[in-house]
Amino acid sequence: MLDLKELLKKCKSYLVKKAIVVQSRVEAGTNIEVDINLKNFISYSGINAALTNGIETIDLPHRRVKNKLVISIPISQLSTDVNNYVVLSNAKQRFWLTIDERTKDKVFYHIAENKLFRITVNKKVVVKNLLPDFSFSNELKVIKKIQTSYNDLTVLLKNVNLNSDSLVKFFALKHGDIKPLEIEVNKEASIFEVLDFNHLSQGNWRLIIAIDDIAYFLKSETSEKVSLLTTNHQATLQYINKSFYLSLDNYYLDTEAVDLDIKVDFIQIEVTANIRSDKYQNTFLIQDTKLNKEFVLPVERTDNGFKVKVLYENILEGSTIKRFFLLQEDSEGKQFKYQFFIETAKIFKRRSFKVIYNSQEHVVRIYRRKDKSMGSIIVRKPKLRRLVKSVKDFHFSGFIGNLHVFKDCTFYLAVEDRNTLDIVEYPLTEENFEVPITAEDLIKAKGKEKSILDFFITVKDKEGNTIRKDKIKYELADYRKDNYYESIKENDEYGNTHYFLVTTTPFDNMKIETFTIPKGVNMLSNTVGKDPNVWLIGERYNTAQDNGIALFRWLRKNTNIDAYYVIEADAEDYRMLDDKEHILHFGSKEHFEIASRAKVLLGTHDLENLLPYKPAQGFFNYEDTIKVFLQHGVLGRKPVEYDKKNYELPFDLFIVSSDPEKYDVVMNKMGYNEEEVAVTGLARFDNLPKENNSKDILLMPTWRDWIHTDEQFLKSQYYNYYNSLINNERLQEILEKHNVNLNFYPHYRAQDFFAQDINEENSRIHFIRLGSKTVQQLLIDHALLITDFSSVSFDFTLMNKPVIYYHFDLNRFFKRGILRPIEETFLGKISQNEADLVDIIEESIENNFKNFDIELDNIIKYQDRQNCRRIYQAVLSKLDKENEKNEG
């Protein structure tokens, strides 16, 4: 008899709606059809199926066949560079999809329209184009002969004719995971030697060969199984369902017991297991897979296994997860890596322990993986709880917690200059603290007259070494770009006045913004002195090549406005300016005096970049200025940080280039009002010529904000795709054939890396060093632009010159959304893979760089070189309205 719990469970199974993917196939060569069983649905009416790539969404046709819903996906609508998702919903909800438990490997593969598609299910149907750089053939290439030796597989293919310049690649495919295989090729004999399998995981891998731009699955003339031994696996080559597979299985060491003995400086691990005879040399391998590091340690044989001494640094440094293996090597140098097979977790005599390392208490745990192997060690580093709860009269009150996990340590509230890394530290002796910070201390710490000081909690060991340094948040944070919570000022011995303001970052971390007013500066103290004819203009602190300098020069030439441009004195762009009249050095006495008088502030970025003091209410009547955002590009792609909600005193005038940019983006998505946005066009557009006198190509990608370290960069898809492109042999041949150069201008963060990758000797591909030319001059000097998502493409298009977009990581770049549909702002040809990109480049060269058929009006409304005049008139109108308001 069923109990109540079982009865409820059974009733639930009859009530819960389930959508189960049971099959998929290619229909008529043009569509992929997916069969979905719908259980516990009263009606199929109102169900909607849609295809999305995260940016664009289309409805999909679907029909009912008996108890199944059949969804038809047009292959022509599938993106080749990102995942495509099929979602099922009705008016009330979106349905979670699962895959039929009987489906082999939980994945479907289809070859259609010369592309290989993988279909998986993860709440949605996920369709991905595998190996998008290649056309996929339904023909199977036949293996005529197979030979194996340790770590080596040699295959002879039947009826394969290779030219001397044929490009051959091997791949292995498992569950949609594609891995390249290192090979050596005898092209005359069609013999291929696969040299390395160690980056493949356990399981059945289907083998693929790509010859030039066409890929084929491999099959064998025989069903005979062939064995292969590698360092990591014992492998079988076998014929499954008409295809040739490489089946890999790990080496396992049956383990009867694991004992941990905790010492002061090391941990001794004793393993009870049946190890092979003494003809093998045994070592213990610790692997940090995240950092790709390995430690090989000697082992001591025991009567029933072995024991090994592991230094704490071997397991506690680097990433928090380490894997363990027994490495056996025979007399011929062949190595075999064994995992520890554990039938039950009860064999652990001790699974976790605490250890003091680097003066901190770490919790270490050995665990058993789902595949019953001894997974590794997991390390939990100590958490340092910290928070500033209030600030009053520059007394910082807060707490730090978990101090007991730090041994023989001292704790400090630290303030560090972001530029020079000079630091001031205040000792903390109790969990609850109140620290008075003086202006005198902060003056010593600041590295520049206008700078930012960040807050940290630092922990030092008994030798005085810093072992932890963590940012600290403010409990009462209310982030705005132009607000502050507390301020102090102090005169130094030279008569300069230093200001310090407590602010926070967008992540609520505490910081201090500081600026210094030099002795003798005559700052205005009331709004009467604000002069509507004095306009202060700038870009970034150190640049003069964008809308700011373009508008400044136009105003100086065409109006009586008393316009000034501000830039740092040591900036490269400052040295390149021919006429330095009315150019202010950032932070100079003249800069302060003009800033305090200027009624109009015009910047391409936040006004921090053109004011020598904090742009905030109460500072030198900042609230009584007209604040104009000139922009540094056309909005419509990636969200930016200039939303109205991010300011206490937002921009009074926001310059845009079209009505869709005004209404769809700046008003609807960024919160500005109709009268605060002016459709004028960008100032720098006035200087763009319409004629194209060049025949060279400019490659100019933007940055990826998810790359934070050199290591991440070198491993990134971003680096590898562009590195592959600039070394593409076919591209080199095309450039040489047509006597065309490709000039590569990487983002400033990537310059040093790519500079090392370009060999300019006898090459048509050249590297452009940052600052050697302005961006606008580079655009003018080239006939074709290749970029990814950069808004400089609009300048190029305005010159009636073609743009090619390289979108190999579109979905990830716009993971936080896109402001306007792709087709509205990416005006030109879009490529998702290198082969297609090179084809488009060749086509453009052969068409003498004729521009593509595009419509520009929805991006740039005016194309008359009168943008500066319209900006000028918009500002005058804003001044007139303020005068009317004040007089009223």
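Quick caveat: nothing in here was measured; it's all calculated off a predicted structure.

**Q** Help me out: how do you make sense of the overall build of the protein chain in this one?
**A** Assigned secondary structure in the protein chain consists of 17 helices and 57 strands. With the C-alpha coordinates of the protein chain rotated into their principal frame, the extents come out at 95 × 70 × 70 Å. Taken over 888 residues, the protein chain has a buried fraction of 54%. Contacts spanning at least 24 positions in sequence make up 64% of the contacts within the protein chain whose residues lie at least 6 apart. Each charge sign in the protein chain was given a centre, from 123 positive and 131 negative side chains, and these centres are 7 Å apart.

**Q** Whenever I open this one, the packing of aromatic side chains confuses me. Can you help?
**A** Pairs of aromatic rings are described using the distance from one ring centre to the other and the angle between the two planes. Overall, the coordinates contain 49 aromatic pairs when judged by the stated rule. A centroid spacing of 5.6 Å and a plane angle of 85 degrees characterise the contact between Tyr251 and Phe336, whose relative ring orientation is edge-to-face. Here Tyr251, found in strand β24 (residues 243-262), pairs with Phe336, found in strand β31 (residues 335-341); they are 85 residues apart in sequence, far enough to count as distant. Both residues of the pair, Tyr251 and Phe336, belong to the buried class. Between the aromatic rings of Phe515 and Phe619, the centroid separation amounts to 5.8 Å while the plane-to-plane angle is 80 degrees, which identifies the pairing as edge-to-face. A residue pair is termed long-range when its members are at least 10 positions apart, and Phe515 in strand β44 (residues 510-517) and Phe619 in the loop between β48 (598-603) and β49 (626-629) qualify at 104 residues. Taken individually, Phe515 and Phe619 each receive the classification buried, so the pair is uniform in this respect. Taken together through their ring pairs, the aromatic side chains of Trp703, Phe713, Tyr718, Tyr719, Tyr721, Tyr722, Phe744, Phe754, Tyr806 and Phe808 make up a single cluster. Over the ring of Tyr216 we find Lys141, and its NZ or CZ is 4.5 Å from the ring centre. Directly above the aromatic system of Tyr412 lies the positively charged group of Lys460, at a separation of 5.1 Å from the ring centroid.

**Q** Please explain unusual backbone geometry as it appears in this structure.
**A** At Asn358, a position not held by glycine, the phi torsion is positive, near 55 degrees. Looking at the element boundaries, Asn358 is found in the loop between β32 (352-357) and β33 (360-368). For Asn358, a relative accessible area of 38% translates into the label partly exposed.

**Q** What's the story with the side chain of Lys115 in this structure? I'm lost.
**A** For Lys115, the location among the structural elements is in strand β11 (residues 115-121). Comment: no salt bridge for buried Lys115; closest opposite-charge side chain is Asp133, at 7.2 Å. When neighbours within four sequence positions are excluded, Lys115 is seen to be in contact with His110, Asn129, Pro132, Phe134 and Phe136.

**Q** What am I meant to see in the packing of helix α10 (residues 729-738) against helix α16 (residues 834-846) here?
**A** Packed helix pairs are specified by the crossing angle of their axes together with the interaxial distance, meaning the distance between the axes. Where α10 meets α16, the axes come as close as 10 Å, and the angle between the chain directions of the two elements is 5 degrees. When the interaxial angle is binned, α10 and α16 end up roughly parallel. Between α10 and α16, the contacting residues are Arg730, Leu731, Ile734, Leu735 and His738 on the first element and Ala835, Val838, Asp839, Ile841, Glu842, Ile845 and Glu846 on the second.

**Q** I would appreciate a short explanation of the side chain of Ser596 in the present structure.
**A** Mapped onto the elements of the fold, Ser596 is located in helix α6 (residues 589-597). Beyond its immediate sequence surroundings of up to four residues, Ser596 is in contact with Asn522, Met523, Leu524, Lys530 and Tyr613.

**Q** What's the story with helix α9 (residues 717-726) in this structure? I'm lost.
**A** Owing to its 3.6 residues per turn, the α-helix brings residues three or four apart onto one side. Here α9 has its buried residues at Tyr718, Tyr719, Tyr722, Asn723, Leu725 and Ile726. Summarising the axial view, the buried residues of α9 lie within an arc of 160 degrees, below the 170-degree limit, and thus occupy one face.

**Q** Which parts of the structure should I look at to understand the pairing of β49?
**A** Along any regular strand the residues' side chains alternate between the sheet's two faces. Residues Ile626 and Val628 of β49 are buried on one face, and the alternating residues Lys627 and Phe629, pointing to the opposite face, are buried as well. When β48 meets β49, the two strands line up parallel, connected through four bridges. Residue pairing across strands places Val600 opposite Ile626, the latter belonging to β49. As defined by bridge partners, β49 adjoins strand β50 (residues 653-656) across two bridges and the pair is classed as parallel. In the strand pairing of β50, Phe629 is matched with Phe654.

**Q** Whenever I open this one, the sheet that holds strand β1 (residues 18-27) confuses me. Can you help?
**A** Two strands in a sheet stick together by hydrogen bonds in their backbones, pointing the same way (parallel) or opposite ways (antiparallel). Read from one edge of the open sheet, five strands run β5-β6-β2-β1-β9, paired in mixed fashion. The sheet is open, and its two edges are formed by β5 (62-65) and β9 (97-99), each paired on a single side. When strand polarity is set aside, the average angle formed by the axes of neighbouring strands in this sheet is 35 degrees. As defined by bridge partners, β5 adjoins strand β6 (residues 68-74) across four bridges and the pair is classed as antiparallel. Counterpart to His62 in the pairing with β6 is Ile71.

**Q** Looking at this model, I keep getting lost on the sheet that holds strand β51 (residues 677-679). Mind explaining?
**A** With respect to topology, seven strands assemble into an open sheet ordered β47-β46-β45-β48-β49-β50-β51, the strand pairing being parallel. The strands lining the two open edges of the sheet, one partner per strand, are β47 (583-585) and β51. Direction aside, the axes of adjacent strands within the sheet are offset by 25 degrees on average. Pairing geometry for strand β46 (residues 562-567) and β47, over three bridges, is parallel.

**Q** Would you take a moment to explain the pairing of β32 for this structure?
**A** Judged by which residues are buried, β32 turns out to be one-sided: Phe353, Val355 and Tyr357 face inward and are buried, whereas Ser352, Lys354 and Ile356, on the alternate face, are not. The sheet contact formed by β32 and β33 spans six bridges and is antiparallel. Bridge assignment links Ile356 to a residue of β33, and that residue is Glu361. Between the antiparallel neighbours β32 and β33 lie two residues, among them Asn358 with a positive phi of about 55 degrees.

**Q** What exactly am I supposed to notice about α10 here?
**A** Buried residues of α10: Leu731, Ile734 and Leu735, and no others. Summarising the axial view, the buried residues of α10 lie within an arc of 95 degrees, below the 170-degree limit, and thus occupy one face. Opposite the packed face of α10, turned more than 90 degrees from it, sit the exposed residues Glu729, Glu733 and Lys737. Of the surrounding secondary structure, the elements contacted by the buried residues of α10 are β52 (697-699), α9, β53 (742-744), β54 (765-767) and α16. Where α10 starts, the residue carrying a side-chain oxygen 2.9 Å from the main-chain nitrogen of Arg730 turns out to be Asn728. Phi turns positive, to about 60 degrees, at Asn739, one or two residues after α10.

**Q** Honestly, the packing of helix α4 (residues 547-558) against helix α17 (residues 867-887) in this entry has me stumped. Any pointers?
**A** Contact pair α4 / α17: the axes reach a minimum separation of 10 Å and the direction vectors enclose 80 degrees. As far as their axial angle goes, α17 and α4 are roughly perpendicular. Facing α4, whose interface residues are Ala550, Leu551, Trp554 and Leu555, α17 presents Cys868, Arg869, Ile871 and Tyr872. Residue composition of the contact of α4 with α17, grouped by class: seven nonpolar, no polar and one charged.

**Q** What is the right way to look at a negative patch on the surface in this model?
**A** Residues Asp165, Asp212, Asp213, Glu729 and Glu733 make up a contiguous surface patch of negative charge. Summarising the element assignment, Asp165 is placed in the loop between β15 (152-158) and β16 (168-174).

**Q** When you look at the environment of Leu551 in this model, what are you seeing that I'm missing?
**A** Locating Leu551 in the fold gives a position in helix α4. Sequence spacing of Leu551 and Arg869 is 318 residues, and the spatial spacing of their C-alpha atoms is 8.8 Å.

**Q** Hey, could you run me through the pattern of salt bridges in this one?
**A** Here the idea is simple: oppositely charged side chains can pair when their charged atoms come close. According to the stated counting rule, one finds 38 salt bridges in the structure shown. A salt bridge links Glu139 to Lys141, with the nearest nitrogen and oxygen atoms 3.3 Å apart. Relative accessible area serves as the criterion here: at 9%, Lys141 is assigned to the buried category. The partner of Lys334 in a salt bridge is Glu332, and the shortest N-O contact between them spans 3.2 Å. Classification of Lys334 as partly exposed rests on a relative accessible area of 28%. It is possible to trace a salt-bridge network through shared partners that takes in Arg25, Glu33, Asp35, Arg63 and Lys68.

**Q** Is there a simple way to explain the environment of Arg206 in this structure?
**A** For Arg206, the location among the structural elements is in strand β20 (residues 203-211). In contact with Arg206, other than residues within four places in its own chain, are Phe171, Ala172, Leu173, Phe217, Ser243, Phe244 and Tyr245.

What counts as what
Residues numbered from 1 in each chain as written. Predicted model: local features only at pLDDT ≥ 70, side-chain atom pairs only at ≥ 80, totals over all residues. Heavy atoms only, no water. Helix = DSSP H or I, 4+ residues; strand = E, 2+ residues; numbered from the N terminus. Buried < 20%, exposed > 50% of the residue type's maximum accessible area, 1.4 Å probe, protein only. Contact = heavy atoms within 4.5 Å. Lys, Arg positive; Asp, Glu negative; His and termini not counted. Charge placed at Lys NZ, Arg CZ, Asp CG, Glu CD. Phe/Tyr/Trp six-rings, centres within 6.5 Å; stacked < 30°, edge-to-face > 60°. Lys NZ or Arg CZ within 6 Å of the ring centre and 35° of its normal. Salt bridge = Lys/Arg side-chain N within 4 Å of Asp/Glu carboxyl O. Axes fitted to C-alpha atoms, helices over the stretch in contact; angles between N-to-C directions. Parallel < 35°, antiparallel > 145°, perpendicular 65-115°, else oblique. Arc of directions from axis to C-beta. Pairing = 2+ DSSP bridges. Polar contact = N/O pair within 3.5 Å; in protein donor to acceptor, adjacent residues only side chain to side chain. Nonpolar A, V, L, I, M, F, W, Y, C, P; charged D, E, K, R; others polar. Patch = residues over 30% accessible without salt bridge, like charges linked within 9 Å, V, L, I, M, F, W, Y side chains within 5 Å. Areas by Shrake-Rupley, 256 points an atom, 1.4 Å probe, with all protein chains shown as cover.

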